[in-house]
Amino acid sequence: MAMTNRNNAKFDSIIMFTLDELVPQDHLVRKLESALDFRFIYSKVNHLYSLHGRPSIDPVVLFKMLIINIVFGINSMRKTCQEITVNLAYRWFLGLDIEEKVPNFSTWSQNYIRRYKDSSIFEEIFEEILEQAVSYGFIDCTTVFGDSTHQKANANKRKLVKKEVKVIQKKYAKELLEEINEDRECIGKKPYETMKHIEYSYDEESGEEKQDIATKIISESTTDPESGCFHKGEKERCFAYSHQTFCDRHSFVLSVVSVPGNVHDSVSFFDAYEHLMNGKYGKQIKNISLDAGYMTPAICREIIKNGQVPYMPYKKPMTKKGFFKKYEYAYDERYDCYICPNEKILSYTTTTREGYRQYKSDAKECENCPLRERCTKSKNKTKVINRHLWEAYREQAEEIRHTQEWKEIYPKRKETIERVFADCKENNGLRYTRLRGLKKNQQNAWLIFACHNLKKMAIWRSLC
């Protein structure tokens, strides 16, 4: 075959085609356009514009530019404008003629500052796309899958200050305190007026879970103070934001709540769960599937009291090596006591301010026990077991783990919520953020997952 030489190629040819003819029929922008009527944006933002003055940039064009930015993984508004200038498919999607000038990249920034930053338009776009997916029959809310993922903040991890902050009281603190005092009154103990504020967090040096009481020392970024220092397992320590997310079994995201990266998943769960249940689809939810980080008595209680079934995995006991695990001490519900591996009784003594019932052994029986070295090393030779007031809910969730339904539902996490995070990090800019501040990143999270839902809905609809 002879070699082709294109040195004499001509670049001044005139093309006699319409813009619509030049965009392939199977291009993604056509699927996006046919899946959703973007004119709903006009009614959502109408109150943000004046009735007088010169005409503004079309708000649908502005938000479609954001969709191009996220769906096609450009992740830079300046570069997005450059791509729109030369990409005919993008121009077709925006409704811009070939000769029409593309809005400057700073146009979106100014519109955000002057109009959109304090509005609810980002969440409304997310909900509108979700409603459209429901109308197509693509969403099944019977079982939802929840998890949290971190997004690296736009902050240098070395530019920080140490700061002491108060531990925020948990949402269920009042209910727990009432039950604590009821328990204490039954045994003639004085009730507590308040309870200690306890929050689970990750130690930034060891990566282990710990309890912080009343106040704690945190690393605060001097660049973005609203982000949080994230350090978990083998992952690199960095400032980040966490997005607590729920999706259905078809991987359509139903809800997302953003928090600083140093807030533990078991703490941020309650706001995200409340947001999910207060939404339009909360009453349809029958099952909740979560990972081991959510296996706490308070979370299990919250889910079960709402009449839903929690599907959670086995959580390894946090016990020192060489010592008996907690499950090796049998709890007798009838007599309200524990029985140790040497068949001795640990009796109930009191309920602590933190919501734990304490069961203690008899020091005289433990003194000569052959298993004491594997049981306790306390100086008073007494074994103490703490049992949470709501432990029965966690045990109920543990029993569900052995059912056939659990074996069918829980493994789908890797096909649903974990796949959502993987796709959005790889393709939609969820790996890191250029924005600073919790509010902006919450709005950005709504847009990212809205675009995820839109793209999925558009592709599915094109296959119908």
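Residue indices follow the written sequence of each chain, beginning from 1 at its first position. Side-chain atom pairs in this predicted model are given and counted only at pLDDT of 80 or more, local residue features only at pLDDT of at least 70, and totals for whole chains, interfaces and linings cover all residues. Side-chain metrics in this entry use all non-hydrogen atoms of the structure; hydrogen atoms and water are not considered.

1. Considering the overall build of the protein
Logical step 1: Every helix listed is a DSSP run of H or I at least four residues long, and every strand listed is a run of E at least two residues long, numbered separately from the N terminus. When its secondary structure is counted, the protein shows 17 helices and 15 strands.
Logical step 2: Taken along its principal axes, the extent of the C-alpha atoms in the protein is 100 × 55 × 50 Å.
Logical step 3: For the protein, buried positions account for 46% of its 464 residues.
Logical step 4: Two residues form a contact once any of their heavy atoms are found within 4.5 Å. Contacts in the protein between residues at least 24 apart in sequence constitute 68% of all its contacts with a sequence separation of at least 6.
Logical step 5: With residues, only the protein chains shown are counted as cover, and all accessible areas are computed by Shrake-Rupley using a 1.4 Å probe. Surface exposure of the protein reaches about 26000 Å², of which carbon and sulfur atoms provide 49%.
Logical step 6: Each charge sign in the protein was given a centre, from 75 positive and 65 negative side chains, and these centres are 4 Å apart. Classification of residues uses two cut-offs on accessible area relative to the type maximum, computed with a 1.4 Å probe and protein chains only: under 20% is buried, over 50% is exposed, and between them is partly exposed. The charge count treats Lys and Arg as positive and Asp and Glu as negative. His and the chain ends do not count. Charged groups are reduced to one reference atom each: NZ for lysine, CZ for arginine, CG for aspartic acid, CD for glutamic acid.

2. Thoughts on the pairing of strand 13 (residues 345-351)
For a regular strand, side chains alternate in direction, first toward one face of the sheet and then toward the other.
Logical step 1: By this definition, two strands are paired if DSSP reports at least two bridges between them. By the bridge criterion, 3 bridges tie strand 12 (residues 337-339) to strand 13 in an arrangement that is antiparallel. What sits directly across from Cys337, in strand 13, is Ser347.
Logical step 2: The hairpin turn running from strand 12 into strand 13, its antiparallel successor, is 5 residues long, and Glu343 in that turn takes a positive phi close to 65 degrees.
Logical step 3: Relative to strand 14 (residues 356-360), strand 13 runs antiparallel, the two sharing 4 bridges. Of the residues in strand 14, the one forming a bridge with Ser347 is Lys360.
Logical step 4: Once strand 13 ends, the chain turns through 4 residues before running back antiparallel as strand 14, passing Gly355 with a positive phi of about 100 degrees.

3. Quick notes on the confidence of the model for the protein
Logical step 1: Each residue gets a pLDDT score, which is the predictor's confidence in that residue and runs from 0 to 100. Averaged over all residues, the pLDDT of the protein equals 89, while 94% of them reach at least 70.
Logical step 2: Below a pLDDT of 50 lies the segment residues 198-212, which in the model reaches 47 contacts outside its immediate sequence neighbourhood of four places, other chains included.

4. A word on helix 8 (residues 121-135)
Logical step 1: With 15 residues, helix 8 extends 21 Å between its outermost C-alpha atoms, agreeing within 8% with the 21 Å of an ideal straight helix rising 1.5 Å per residue.
Logical step 2: Among the residues of helix 8, Ile121, Phe122, Ile125, Phe126, Ile129, Leu130 and Ala133 are the ones counted as buried.
Logical step 3: Looking at the buried positions of helix 8, the neighbouring elements they touch are helix 3 (40-45), helix 4 (59-71), helix 7 (105-116), strand 8 (253-260) and helix 17 (438-463).
Logical step 4: Two residues or fewer after helix 8 comes Gly137, characterised by a positive phi angle close to 80 degrees. An expected span of 1.5 Å times one less than the residue number is assigned to each helix.

5. A word on the packing of aromatic side chains
Logical step 1: Here a pair means two rings of Phe, Tyr or Trp (six-membered ring of Trp) with centres within 6.5 Å. Their orientation is stacked below 30 degrees between planes, edge-to-face above 60, and tilted elsewhere. Overall, the coordinates contain 25 aromatic pairs when judged by the stated rule.
Logical step 2: Ring geometry for Tyr331 against Tyr338: centres 5.0 Å apart, planes inclined by 50 degrees, an arrangement best described as tilted.
Logical step 3: Aromatic side chains Tyr338 and Tyr359 sit 5.1 Å apart centroid to centroid with 80 degrees between the ring planes, which places their arrangement in the edge-to-face category. Here Tyr359 lies in strand 14 and Tyr338 lies in strand 12, a separation of 21 residues in the sequence.
Logical step 4: Every member of this aromatic cluster is reached through a ring pair, and the members are Tyr172, Phe246, Phe269, Phe270, Tyr273, Tyr294 and Trp390.
Logical step 5: Looking at Arg78, its charged tip hangs above the ring of Phe105, at a distance of 4.1 Å from the centre. Any Lys NZ or Arg CZ that is within 6 Å of a ring centre and within 35 degrees of that ring's normal is treated as a charge sitting over the ring.

6. Considering the packing of helix 10 (residues 265-277) against helix 11 (residues 297-305)
Logical step 1: In this description, a line fitted to the C-alpha atoms serves as the axis of each element, helices being fitted only across the stretch in contact, and the angle between N-to-C directions of two axes falls anywhere from 0 to 180 degrees. Put simply, helix 10 and helix 11 touch, their axes get as near as 10 Å, and they point 20 degrees apart. As judged from the angle between their axes, helix 10 and helix 11 are roughly parallel. Judged by the sense of rotation from one axis to the other, the crossing of helix 10 with helix 11 is left-handed. Contacts between helix 10 and helix 11 involve Ser266, Phe269, Phe270 and Tyr273 on the former and, on the latter, Ala298, Ile299, Glu302 and Ile303.
Logical step 2: Note on residue classes: Ala, Val, Leu, Ile, Met, Phe, Trp, Tyr, Cys and Pro are nonpolar, Asp, Glu, Lys and Arg are charged, and everything else, Gly too, is polar. For the contact of helix 10 with helix 11, the class distribution of residues is 6 nonpolar, 1 polar and 1 charged. If an angle is under 35 degrees, it is roughly parallel; if it is over 145, roughly antiparallel; if it lies from 65 to 115, roughly perpendicular; otherwise it is oblique. By the definition used in this description, the sense in which the near helix is turned from the far one sets the handedness, with an anticlockwise turn below a right angle giving left-handed and a clockwise turn giving right-handed.

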